Structures are given as structure tokens and as C-alpha cells.
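# Topology and contacts: notes
If you want the building blocks of each chain, they are given just below.
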Amino acid sequence: MPSKSSSNAAVDAPSAVRVEITLNGRKTTVAAGTTILEAARMNGLHIPTLCWLEKLQPIGACRVCAVEVEGVDSPVMSCVTPVAEGMNVKTKSEELNKYRADMIRFILVNHPLDCPVCERSGECHLQNLTYTFGIKEHVWKTAKYEKIPVKDWGLIRYDKNLCILCERCIKICREVQGVAAYQIDGNGFDSRVNTVTGEKLDCDFCGQCISICPVGALSSGIIFAARSWDMIKMKTVCPHCGVGCSFHLNIKKGIKVNAEGRIIRVTSDDAIGHNNGNLCVRGRFGYEFTHSVDRLATPLIRDGENHVAADWETALDLIAQKLSGYRSSHGNNAFGAIGSERATNEDNYVFGKFFREVLGSGDIDSMVNMLSPHTASGLFEVFGDFPMTCSIGKFRSANLFVFIGSNGSSENPVLSNHIRWAMMDHGAEAAAAFSRDAVFEPAPRIQLPYDYAAMHEFLISLLSGTVESINKDGAIIENSVPITDDWRAKLKEAASDARRKVDESLNLKIAEFIKLIRKQGSPVYIVGSEAQRHPSGKAIIRNIVNLAKLTGGSVMLTREYCNSRGAIDMGLAPDILPGCVPETRNELKSRGSLLSLMEEGKIKALIIADEDPLRRHPDRERFSTAMQKVEFVVVTDQFYSLTCREADVILPTTVSAEKSGSFTNLEGRIQRFDAVVKPPGKSRSVLEIFGELARRMGGDFQYENSGDVTAEISDKVTIYGQIGEDGGFADYSPLVNADSSLRWEEPAPIKNFFKGSTFLLLPDSTIFELSPYTDYCPTMREKLGLQGMDFTKGSKPPVCFNPADAEKMSLSEGDAVAFKNGGGKWEGVVRISMGVRSGSIRIPDDKNRFPRIKLVANGTEFDCINTEGLRR
């Protein structure tokens with residue numbers, strides 16, 4: 001992320017006024033407003049720094065970057081001093097060396113020389129500068145002081161004894177994260193970094209403060225287990241959400257001969273990837289699952305009610321025998337398959353190839369497509385001629401960001417860092433439309449909290465208001481798409497009905513929002529999972545595209561998992577092949593919904609690769625009942641999931657740190673990575689498993705490694721072109737159709753439900769949860785107090801109510817409530833929030849898996865319906 005100093009715009013602007021200065025006797029010209037430090041760096045001159053960081057506003061706290069300016073009596077701080085015409089600067093001299101060394105000595109006065117026991121030793125900026133300037137002893141002394149105890153704030157610890165008060169942590173928390181969790185408390189010797197409340201740290205625990213602390217003052221609550229020289233750093237891609245952040249896995253090699261390497265920590269690097277060193281809590285701390293003791297390590301085969309360990313030969317022989325038998329007795333239509341959003345492109349490509357070419361079936365799908373086909377396999381039809389995604393790079397020049405159906409920073413957190421950069425750099429604004437107040441810091445200029453059941457009507461009102469604004473004040477953009485009479489008539493009719501379902505206060509906010517669009521121009525619409533998975537989702541997405549066309553905007557679809565986009569690109573959906581090419585072979589065309597085929601008993605053998613539909617499907621009972629009608633189920637996974645428990649054969653698979661391959665992020669960026677540690681036990685990759693099954697069933701693919709699969713993808717999947725060492729970008733342009741007009745989509749009907757007697761259950765997502773990997777990061781969960789959200793162990797998650805609803809039900813904060821459905825029951829703890837709309841209750845996403853369920857509160861039962869239950 002580029003510098004957000006005031007001079008940055010001047011440096012980048014081609015028309016900026018330039019001034020001539022002299023650096024170390026050499027004349028040069030730079031843009032007016034450039035700092036001396038920036039000018040020196042642009043001219044290849046090194047000036048030492050300690051508090052300065054490129055992606056932060058200059059701080060000027062350490063004074064190590066001092067330079068001499070002719071006509072100025074004392075050294076000036078180069079990081080905060082802009083150049084001026086005729087300025088004559090020296091960046092090095094004996095006097096400067098002495099001055100800078102004295103600045104380091106001042107810092108060291110009360111800084112303990114604990115380098116041998118400090119975990120930052122070997123990578124400490126202060127240590128490096130101390131060595132550079134040859135400082136060997138304390139010159140100045142102060143009164144003796146007692147060491148202050150380290151503060152444990154959960155995943156982050158603060159050691160005041162090591163703190164140099166450079167303020168980097170404070171700046172990055174405010175400028176990059178928008179949180180402002182830290183401040184400087186006290187004066188002089190008593191100054192220290194503290195939380196703004198003075199209480200325990202309460203934030204997103206992104207760990208940005210740890211990553212930029214130049215010393216060891218801020219460190220991870222996951223106790224460090226190696227020194228810097230004991231580790232190697234391996235670049236990889238985050239295995240969690242769809243942003244696809246790059247970082248380094250720090251690997252400690254075993255002391256014993258041939259001992260396995262182990263991931264010790266994650267470190268970020270501003271110079272790699274598109275995330276500019278920014279990470280969220282999942283990326284920075286969510287790595288422990290790789291070495292979890294709960295990892296599956298050997299194949300398991302059902303023996304009555306239990307699973308027993310087996311070797312690979314036995315397990316694969318059984319699978320091949322069973323599949324061959326079903327093919328002989330029932331034909332190619334006997335099979336169904338579900339692929340994974342967290343497997344690599346290479347894994348999914350081979351899985352789909354095995355299913356279509358060896359088994360000869362087209363009934364393949366993935367959860368991303370089952371949950372929202374209009375933003376997966378049907379994406380290009382819904383978007384028409386409109387680009388289906390904008391690039392993260394475009395965020396840097398955008399002036400307005402609009403979250404629609406997205407809970408702000410919770411879904412794809414690092415996107416918000418790019419948004420805040422634009423807000424800091426050139427005054428961009430943010431707005432949010434969600435079924436409750438969206439989570440984003442700093443607060444959006446406008447919040448548009450709609451009724452979930454009337455989300456389509458909200459979009460219609462928004463479109464209607466936009467068209468009225470265009471009629472009154474002219475087009476919002478030049479060469480805007482024409483509004484046809486037919487489309488206008490349909491909108492007018494729909495808007496008449498929508499007005500009855502949209503609050504008047506929300507309509508007033510819509511008018512305010514349209515004014516903001518006119519002021520800021522060309523919005524980036526960030527479309528979240530609530531919009532994508534809504535029962536009327538297809539019409540909602542279509543109208544967001546219409547809105548973008550009318551306002552000159554672009555659209556970014558959030559993606560839940562690291563390879564949600566790649567799963568579709570590799571053909572994990574009915575009737576499309578890798579590259580999103582339509583399937584033309586009649587014998588491989590889908591016969592309908594995979595779930596319906598299972599319910600009808602047409603699927604005899606089901607293969608699920610690295611997916612847990614019994615945890616993720618919004619109608620768990622329906623999926624579970626359908627699975628009971630399948631005669632033979634094979635599941636591959638890294639953990640013993642809910643779906644694994646119903647399998648006949650379970651095969652242990654590798655995670656991304658244990659294999660080579662690629663992920664495709666939400667913008668279509670293809671990112672390659674390599675294996676850095678060995679898998680537990682006898683785990684294998686999905687591509688190895690199905691490559692071997694193909695060989696046993698007469699379809700030898702002849703892949704020697706994942707690189708061979710990557711090469712075939714590059715050769716045969718047109719939109720992926722030539723995938724280089726560092727990946728590339730998918731080119732979706734050949735898939736875009738030629739229809740450039742505004743298009744109309746009738747919404748799917750939604751069931752009515754009565755507020756007051758029936759509550760709508762809505763999922764609450766959190767950045768601390770993304771199944772299944774975060775379940776198996778014990779230190780992260782413990783430090784954040786998330787043991788109570790471990791749904792696999794019967795604990796009590798939060799249940800959030802509107803204050804008015806809680807009062808009617810005589811509920812108080814912390815009360816216990818229960819939900820029951822048939823023979824199942826789970827308990828929760830009441831949380832009360834103004835952000836929750838009356839008539840709805842928000843529960844953790846993983847618990848929201850029953851279309852109809854009873855809430856038991858103070859002995860009274862209330863009917864509840866989830867979003868799946870709204871479908872007819």
C-alpha cells in the first residue's frame with residue numbers, strides 16, 4: 001500500500017509542480033510536497049528510519065531520519081519535512097552519524113538490553129540500528145526502575161519495558177484498520193501504550209500492531225517457539241477467505257535428524273501479494289489447524305456404527321470396486337459429487353475430470369453453487385455484458401464504496417483495508433445496506449438497514465429513486481445506459497408495491513444515498529453473501545448490476561472461502577466444464593438438482609471431496625435425510641466432520657501448506673503456492689486420490705505432480721491462459737454476453753411470516769469463525785474467549801435480539817434460551833442489540849440450519865423460520 005503522506009498525491013500526479021533541490025551535492029527535481037525522505041529514496045539515497053513506515057502518515061517520533069538542510073541550524077526530520085525550491089540537503093556526514101547515534105542512545109536509556117531472551121532478537125530494528133551505529137554501552141543513566149509486568153490482551157501482549165513509543169501501532173490501528181484501539185497514556189518516563197478504554201484490548205485482533213512493531217514490545221499471545229535464525233520463511237496464500245492474502249509461513253525445522261518442519265507463526269510482508277502486508281485475525285493467527293492433533297491421518301472404513309482404520313490399498317480397492325459395481329448395475333447416472341471451495345484448482349480439476357471422464361456422470365456440484373447459483377455457475381447470465389468483478393487495484397482510485405448485503409468488514413476483512421486507504425488518501429466515502437447496522441470502521445456515511453424479507457423491494461426502491469433522480473437532474477454518468485419504456489414500466493409497477501414494504505425512514509435515507517452517489521461518483525458495490533444467498537437473490541443481483549450501470553459503478557462479489565471462485569472455474573457445477581464452458585454432451589448434462597436426485601433415490605454413490613454439507617447446507621435435516629437414501633458415501637477431509645460421520649469410507653487429505661497448487665481469489669487472481677510442511681500420517685491430496693482411483697478404473701491421467709495438472713489447466717482452460725510461476729489473472733471477457741441493456745428479473749416468491757408470532761432467524765457471521773479450520777485453532781479460540789462458540793461440543797453461542805422483542809419476551813442480557821427441532825435441541829445466551837431489527841433474531845451461521853425451529857424463552861415457545869424457510 002503506497003504512502004498516505006500528504007506528499008503522495010504530489011509525487012504521483014503527472015501535472016504536479018516540480019521543484020529543484022540538491023541532495024548530497026547533486027541537483028534533482030521532484031514534485032512539490034514530496035518529503036525529503038521520499039526524495040532521497042527516489043534518488044537511491046538511504047536514510048535510516050525507525051518509526052517511519054511507508055503505508056502510514058509520517059510520525060516523526062524517533063528522529064533517526066535526521067538530515068542537514070543548508071540555512072537551518074539543527075538537523076531536521078526528513079520524514080515530515082517537505083522539499084522547497086533551492087533546498088540543499090545532506091543525508092550523510094560525521095555530524096549526522098553522531099546525531100543519529102545519540103537518538104538511538106536516548107531510546108536505549110530505559111530500554112533493557114534483553115536481546116538474548118527477547119523473541120524479536122535477530123529481526124529487531126532497534127537492535128540493527130544499535131549495531132549499525134556501533135553503540136556498545138549505555139552512555140546516559142537514569143534512576144533505577146522496576147520492570148513492569150507484561151500485559152496479556154489475549155492474542156496480543158504488550159511489554160512496556162521494550163516499548164520505544166514510536167507510535168506505529170497507534171497509527172496503523174487508526175489509519176489502516178480504522179479501529180483506534182490504542183493511545184499513549186501518561187507523560188515522560190511514565191508514558192506507555194494502552195487501550196483507549198484502559199481495559200483489556202477489545203478489537204478485531206488483526207495483529208497489524210505486532211507486524212509493524214520495530215522492537216519486541218507487541219508480540220503474539222501464541223507463545224513464540226523459535227528464534228529468527230531457526231526459521232525459514234515460505235511465501236504462501238491464505239487458506240481462509242476469498243481475498244487471497246499473501247504472507248510468509250515461518251517454519252521451524254526439527255532438531256532431530258529428518259524431523260518434520262512445523263509452522264511457528266505467520267508474518268506479513270508489504271512487498272508481496274496485493275494485500276500490502278495487511279492480514280485479519282484468521283490469516284495471522286489461524287494456522288494451528290495444520291498441526292492439529294484432530295487431523296485425520298489414515299483412511300477409515302465403516303464397520304457397523306463405527307469407523308475403523310484401514311490402509312490406502314484396502315480403502316481405494318473398496319471404493320473402486322463399489323463404483324465399478326454401480327456403474328455396471330445402474331449406469332453412469334448412479335453417481336453424484338460435491339467438490340470443495342477450499343481445495344486447490346488442481347485438486348478440483350482432477351476431481352471433476354475423474355467424475356466426468358471415468359465415471360461418466362454430470363451430476364457434480366459444489367456448496368458455493370448450491371447456495372447461490374446465480375453468482376456461481378449462472379454468474380455470466382445474470383451479469384450480462386457487465387464485468388463480473390472489479391479488481392482490488394481499482395479500490396485505490398474509487399471515491400465511494402457501497403456494501404450491499406454484506407456485514408461490512410466481517411466477510412472479507414482485508415478488502416476494508418483498501419477501502420480505508422482510499423478514504424485516507426483522497427476522501428472516499430463508504431455506505432452500507434444490510435439487514436442490521438453493518439460493521440465497518442470508521443462508520444459509513446450512510447447506513448441503510450433494510451428488512452431482510454423485503455430486500456428485493458429495497459433494491460427496487462433504490463432503483464426507482466435513482467431513475468427519478470435521473471429524470472429530474474439528468475444522467476449520473478455520461479453515455480449512461482438507456483432506460484427503455486418496457487423496463488421503466490416494469491420498475492414503476494414494482495416500485496408501487498415496494499413502497500408498501502419499505503419504511504419511510506429508509507426511503508429518506510435512499511434519497512440521501514443517491515445524493516452521495518452524485519457527489520462522489522462511480523461507486524464500487526461490494527455484494528455480500530446475504531444478497532447472493534437471498535431467496536430472491538437472482539433478481540437482487542440483477543438489480544445491483546442495473547444500479548451499477550445507471551450510476552457508473554462496478555461490482556465486487558465477496559467470496560466465503562479461499563477458492564470459491566476457482567471451484568466454479570474448474571467446473572464444479574452442473575452443466576459447465578472447466579473454464580465455465582457449457583456442457584454439450586447429452587449424456588453428461590445434469591438431470592436436475594443434486595439434492596433432489598438424492599431424495600429421489602437416483603444417486604447410489606455420492607463422493608464428497610473436502611466439503612461438509614451437513615454443516616453448511618441451510619436445510620441440514622433435508623440434506624441428512626437425502627443422504628440416508630444414498631447407498632455408498634465417500635468423503636475426503638482433513639477432520640472428522642459431521643458429513644464424515646455418515647460416510648462409508650473416509651480418506652484423509654492435505655491442507656494447502658502441505659501441497660503445491662493454486663487458488664483463485666474473488667477478483668479472478670490466480671495465485672500459486674508450494675508445499676512447506678509434510679502432512680500428518682498418510683494424508684494425500686485430492687488430486688492424488690482421484691488420480692489413483694482413475695488409474696484403478698481404467699482412466700490413467702498420467703500426472704506425476706500438481707505441476708502437470710497446472711500445465712493442463714493452462715493449456716485447456718481458456719480463461720486461465722498461461723499460468724506463470726506467480727499465477728496470473730483469469731480472463732473472463734470471452735464469457736460475457738453482448739446484452740448491454742438494463743435487464744429485468746422477476747423475484748422468486750417468498751413466504752409471508754407474521755412479526756410478533758414468528759421470528760426470522762438470520763445468520764451472524766464473524767471474522768473469528770470460518771469453518772472448519774478456525775475450529776481447530778485452539779489458542780486463537782481460547783484467547784478470544786470463543787470456547788463458547790465451539791458448536792461441535794454443545795456449548796452456548798450468542799443469540800441476539802432487538803431490545804423491543806427482548807422486552808416483550810421478558811429477556812435480559814445473559815439469559816439462557818433454547819431452540820428445538822424434532823429430537824434436536826441447542827441452548828444459547830441472550831445478547832441485546834439495537835442493531836438487530838425487530839422481528840428477527842441473529843444466531844451464529846453454523847446454527848442456522850433448520851428452516852423451521854422453536855425458540856423456548858422463559859417457558860414459552862415461539863415459531864422461528866430461517867432464510868431457507870422463506871422459499872416456497
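This text gives an overview of the structure that appears in the document. (Residues numbered from 1 in each chain as written. Predicted model: local features only at pLDDT ≥ 70, side-chain atom pairs only at ≥ 80, totals over all residues. Heavy atoms only, no water.)

### Section: a nonpolar patch on the surface
Residues F106, V139 and W140 make up a contiguous nonpolar surface patch of roughly 300 Å² in combined accessible area. For F106, the position within the fold is in helix α3 (residues 94-108). (Patch = residues over 30% accessible without salt bridge, like charges linked within 9 Å, V, L, I, M, F, W, Y side chains within 5 Å. Areas by Shrake-Rupley, 256 points an atom, 1.4 Å probe, with all protein chains shown as cover. Salt bridge = Lys/Arg side-chain N within 4 Å of Asp/Glu carboxyl O. Helix = DSSP H or I, 4+ residues; strand = E, 2+ residues; numbered from the N terminus.)

### A look at the nonpolar core
Counting residues in hydrophobic clusters, the biggest one holds 216 residues, and the most contacted among them are Y182, L218, F354, F383, Y525 and F690. The element contributing the most residues to this core is helix α13 (residues 455-473), with 8 residues. By size, the runner-up hydrophobic cluster in this structure holds 20 residues, among which are L597, M627, A647 and I650. (Core = buried A, V, L, I, M, F, W, Y, C linked by side-chain atoms within 4.5 Å. Buried < 20%, exposed > 50% of the residue type's maximum accessible area, 1.4 Å probe, protein only.)

### Thoughts on the packing of aromatic side chains
Throughout the structure, instances matching the rule amount to 16 aromatic pairs. Arranged with centres 4.9 Å apart and planes meeting at 65°, the rings of F351 and F690 form a pair that is edge-to-face. Of this pair, F351 sits in helix α9 (residues 345-358) while F690 sits in helix α22 (residues 686-696), and the two are 339 residues apart along the sequence. Assessed through its relative accessible area of 0%, F351 is described here as buried. Residue class for F690 comes out buried when judged on its relative accessible area of 1%. With 3.9 Å between their ring centres and 5° between their planes, F639 and Y776 make a pair best called stacked. Note that F639 is positioned in the loop between β26 (632-637) and β27 (649-652) and Y776 in the loop between β31 (758-764) and α24 (778-783), a separation of 137 residues in sequence. Take F639: its relative accessible area is 2%, and that puts it in the buried class. (Phe/Tyr/Trp six-rings, centres within 6.5 Å; stacked < 30°, edge-to-face > 60°.)

### Remarks on the packing of α3 against helix α4 (residues 125-132)
Where α3 contacts α4, the axes come no closer than 10 Å and their chain directions differ by 135°. The orientation of α3 with respect to α4, classified from their angle, is oblique. Between α3 and α4 lies a crossing of left-handed hand. Contact with α3, carried on its side by I104, I107 and L108, involves L126, L129 and T130 of α4 and no other residues of that element. Considered class by class, the residues forming the contact of α3 with α4 number 5 nonpolar, 1 polar and no charged. (Axes fitted to C-alpha atoms, helices over the stretch in contact; angles between N-to-C directions. Parallel < 35°, antiparallel > 145°, perpendicular 65-115°, else oblique. Left-handed = near helix turned anticlockwise from the far one by under 90°. Contact = heavy atoms within 4.5 Å. Nonpolar A, V, L, I, M, F, W, Y, C, P; charged D, E, K, R; others polar.)

### Observations concerning the side chain of R342
Positionally, R342 belongs in the loop between β16 (335-339) and α9. Here Q638 takes part through its side chain, which lies 2.9 Å from a polar atom of the side chain of R342. (Polar contact = N/O pair within 3.5 Å; in protein donor to acceptor, adjacent residues only side chain to side chain.)

### Observations concerning the sheet that holds strand β35 (residues 840-844)
An order of β31-β35-β32-β34-β33-β36-β37 is seen for the 7 strands of this closed barrel, with the pairing classed as mixed. Each strand of the sheet is rotated relative to its neighbour by a mean of 35°, with strand direction disregarded. Two elements, β31 and strand β37 (residues 860-866), share 4 bridges in a ladder whose sense is parallel. In the sheet register, L760 faces β37, and the bridge partner there is I865. (Pairing = 2+ DSSP bridges.)

### A short note on the packing of α9 against α22
With their axes 8 Å apart at the nearest point, α9 and α22 run at an angle of 20° to one another. Considered as vectors, α9 and α22 are oriented roughly parallel to each other. As α9 packs across α22, the resulting crossing turns out to be left-handed. On α22, the residues touching E346, D347, V350, F351, F354 and V358 of α9 are V686, L687, F690, G691, L693 and A694. Class assignment of the residues belonging to the contact of α9 with α22 gives a composition of 9 nonpolar, 1 polar and 2 charged.

### Examining unusual backbone geometry
Across the junction of E441 and P442, the peptide omega takes the value -5°, indicating a cis bond. Relative to the elements of secondary structure, P442 occurs in the loop between β19 (429-434) and β20 (446-449). One non-glycine residue, C580, adopts positive backbone phi at about 60°. As for its placement among the helices and strands, C580 is situated in the loop between β23 (576-577) and β24 (581-582). Despite not being glycine, S810 shows a phi value in the positive range, around 55°. Looking at the element boundaries, S810 is found in the loop between α25 (803-808) and β33 (816-821).

### As for helix α12 (residues 413-426)
Across its 14 residues, α12 extends 21 Å between first and last C-alpha, which sits within 8% of the 20 Å expected from 1.5 Å per residue. Most of α12 sits inside the fold, with 11 of its 14 residues counted as buried. Along α12, the positions that sit buried rather than exposed are P413, V414, L415, S416, N417, H418, I419, R420, W421, A422 and M423. Trailing α12 by a residue or two, G427 shows a phi angle of about 75°, which is positive. (Expected span 1.5 Å × (residues − 1).)

These figures capture arrangement, not role.
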